[in-house]
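# Descriptive structure summary
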Amino acid sequence: MIGFYTFMEGVIAFFLIAGGMFAFIGALGLTHLKDFYMRLHGPTKTSTLGVGCVLIASTCYFSLVQGGISVHELLITIFLFITAPVSAHLLAKSALHQKLPHDPRTQGHPKEFDEDEENPKPSERAGITPPP
Amino acid sequence: MLDVALWTSLALFAASVLLTLFRAIIGPSLPDRILALDTMYINSIGLIILFGIWINSNIYFEAALLIAMLGFISTVAVCKYLLRGDIIE
């Protein structure tokens, strides 16, 4: 039967390693994926999850060391979980606004790529009726 | 056990900060660089929290909270500038 402090030390060590691995995998995705819309996928999920794991570990550690329950690290967690989708949405909107190139194997065609008022291409628009 | 886990996590976060710095330098477009800076401040929050665990004090918590708020606001401001050409209309 292991003691309570040894068990909590194992839990904290697990959350620390998991957070570091999540952050590293997110940074690898940011560096190695092909186009911007793929690169947006990695950091927005894994970085917040990695920092979330580290903050859970910090909460457990300071609750264990100082006695009582220390929950003020949860403020950063809640703030990051609220703001990360907002900033990812704005980044995707600005990338679509700038019409960044995407991988040709990407399926689907967002309508932001069609709105090309400056130099329309009638050969590509020939058989397409605009939506009402 | 906690020392080994703490050093491993610090090394992984430092490596991810270096990778995001690489993307911020070579990034072919502006949203790539903004995304790299966004990821970099999130990783720096993790580094500050890990440093607070290492020296066994939580006085660095306010610094991490300030970095979180100002990083989000700066990301939103630069994205609004790219979208509209103006921040406050």
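Residues numbered from 1 in each chain as written. Chains lettered and ligands numbered in written order. Predicted model: local features only at pLDDT ≥ 70, side-chain atom pairs only at ≥ 80, totals over all residues. Heavy atoms only, no water.

## What about the overall build of chain A?
In plain terms, the rule: Where helices and strands are cited, they refer to DSSP runs of H or I of at least four residues and of E of at least two residues respectively, numbered from the N terminus. Exposure categories follow from relative accessible area, calculated using a 1.4 Å probe and restricted to protein chains: below 20% of the type maximum is buried, above 50% is exposed, and the middle band is partly exposed. Contacts between residues were defined by any pair of non-hydrogen atoms, one from each residue, lying within 4.5 Å. Each accessible area is a Shrake-Rupley estimate made with a 1.4 Å probe; only the visible protein chains count as cover when residues are assessed.
Of the regular secondary structure elements, chain A holds 5 helices and 0 strands. What you see in chain A, going N to C, is helices and strands ordered as α-α-α-α-α. Taken across its 132 residues, chain A has 39% of its residues classed as buried. Put simply, of all contacts in chain A between residues at least 6 apart along the chain, 61% involve residues at least 24 apart. Element-wise, carbon and sulfur atoms account for 69% of the exposed surface of chain A, whose accessible area totals about 7900 Å².

## Some remarks on the side chain of B:N43
Here B:N43 is to be found in helix α2 (residues 30–54). Overall, B:N43 belongs to the buried group, its relative accessible area being 0%. Non-local contacts of B:N43, meaning those with residues more than four positions away in its chain, are made with A:A23, A:S47, B:F13, B:S16, B:V17 and B:T20.

## Side note on the nonpolar core
Basically, it comes down to this: What is meant by a nonpolar core is a set of buried Ala, Val, Leu, Ile, Met, Phe, Trp, Tyr and Cys residues, joined one to another through side-chain atoms within 4.5 Å.
A:L16, A:V51, A:I76, B:I45, B:I49 and B:L50 are the most contacted members of the largest nonpolar core, which has 29 residues in total. Elements supplying a minimum of two residues to this core: α1 (4–32), α3 (41–66) and α4 (73–97) of chain A together with α1 (2–26), α2 and α3 (61–84) of chain B. The element contributing the most residues to this core is α2(B), with 7 residues. Leaving out residues up to four positions away in the same chain, A:V51 has contacts with A:L80, B:F13, B:I42, B:I45 and B:G46. Listed in part, the 14 residues of the second largest apolar core include B:A24, B:I34, B:A36 and B:L82.

## Remarks on a nonpolar patch on the surface
Note the following rule: Patch criteria: residues need more than 30% relative accessible area and no salt bridge. Like-charged residues are merged within 9 Å; nonpolar side chains of Val, Leu, Ile, Met, Phe, Trp and Tyr are merged within 5 Å. The term salt bridge refers to a side-chain nitrogen of Lys or Arg lying within 4 Å of a carboxyl oxygen of Asp or Glu.
Together, B:W7, B:F51, B:W54, B:I55, B:I59 and B:Y60 line one region of the surface with nonpolar side chains, adding up to about 630 Å² of accessible area. Here B:I59 is to be found in the loop between α2 and α3.

## With respect to the interface of chain A and chain B
Note the cut-off: Here the quantity called buried area is the accessible surface, traced with a 1.4 Å probe, that two parts lose on coming together, added over both. Between N or O atoms, a polar contact is any pair within 3.5 Å; within protein, one atom must be a potential hydrogen donor and the other a potential acceptor, and residues adjacent in sequence are included only when both atoms are from side chains.
The interface is formed by 49 residues belonging to chain A together with 45 residues belonging to chain B. Interface area, chain A with chain B, both sides summed: about 4200 Å², of which 80% is carbon and sulfur. Taken together, the connections running from chain A to chain B amount to 1 salt bridge. Our count for the contact surface shared by chain A and chain B stands at 6 residue pairs in polar contact (both at pLDDT 80 or more). Of all the elements in the fold, those that place two or more residues in the side of chain A that touches chain B are α1, α2 (36–39), α3 and α4 of chain A.

## Digging into the environment of A:I78
For A:I78, the location among the structural elements is in helix α4. Of the residues examined, A:I78 reaches a relative accessible area of 51% and is grouped as exposed.

## Details of the packing of α3(A) against α4(A)
Residues and elements named next belong to chain A. Quick note on the threshold: Between N-to-C directions, angles cover 0 to 180 degrees, with each direction set by a line fitted to C-alpha atoms, over the stretch in contact for helices. Working definition: roughly parallel below 35 degrees, roughly antiparallel above 145 degrees, roughly perpendicular at 65 to 115 degrees, and oblique for all remaining angles. Throughout this entry, Asp, Glu, Lys and Arg are counted as charged residues, while Ala, Val, Leu, Ile, Met, Phe, Trp, Tyr, Cys and Pro are counted as nonpolar. The remaining residues, Gly among them, count as polar.
Their axes nearest at 9 Å, the elements α3 and α4 cross at an angle of 175°. Relative to α4, the element α3 lies roughly antiparallel. Residues T44, T48, V51, G52, L55, S58, T59 and F62 of α3 form the contact with α4, whose participating residues are E73, I76, T77, L80, F81, A84 and A88. In terms of residue class, the contact of α3 with α4 is made up of 8 nonpolar, 6 polar and 1 charged.

## Describing the environment of B:N56
By the secondary structure assignment, B:N56 is in the loop between α2 and α3. Measuring from C-alpha to C-alpha, the distance between B:N56 and B:D38 comes to 27 Å, with 18 residues separating the pair along the chain. Setting aside chain neighbours within four positions, we find B:N56 in contact with A:Y61, A:F62 and A:V65.

## Considering the packing of aromatic side chains
Each aromatic ring pair is summarised here by two numbers: the centre-to-centre distance and the angle between the ring planes. In plain terms, the rule: A pair of Phe, Tyr and Trp rings is counted when the ring centres sit within 6.5 Å of each other, with Trp represented by its six-membered ring. The angle between the planes then sorts it: under 30 degrees is stacked, over 60 is edge-to-face, the rest tilted.
According to the stated counting rule, one finds 8 aromatic pairs over all chains in the structure shown. Between A:F4 and A:Y5, the aromatic rings sit 5.9 Å apart at their centres with planes inclined by 70°, giving edge-to-face as the arrangement. In terms of burial, A:F4 and A:Y5 fall into one category: exposed. Ring geometry for B:F51 and B:W54: centres 6.0 Å apart, planes at 65°, overall edge-to-face. With a gap of 3 residues between them, B:F51 and B:W54 both fall in helix α2, about one helical turn apart.

In short, shape yes, function no, at least from these values alone.
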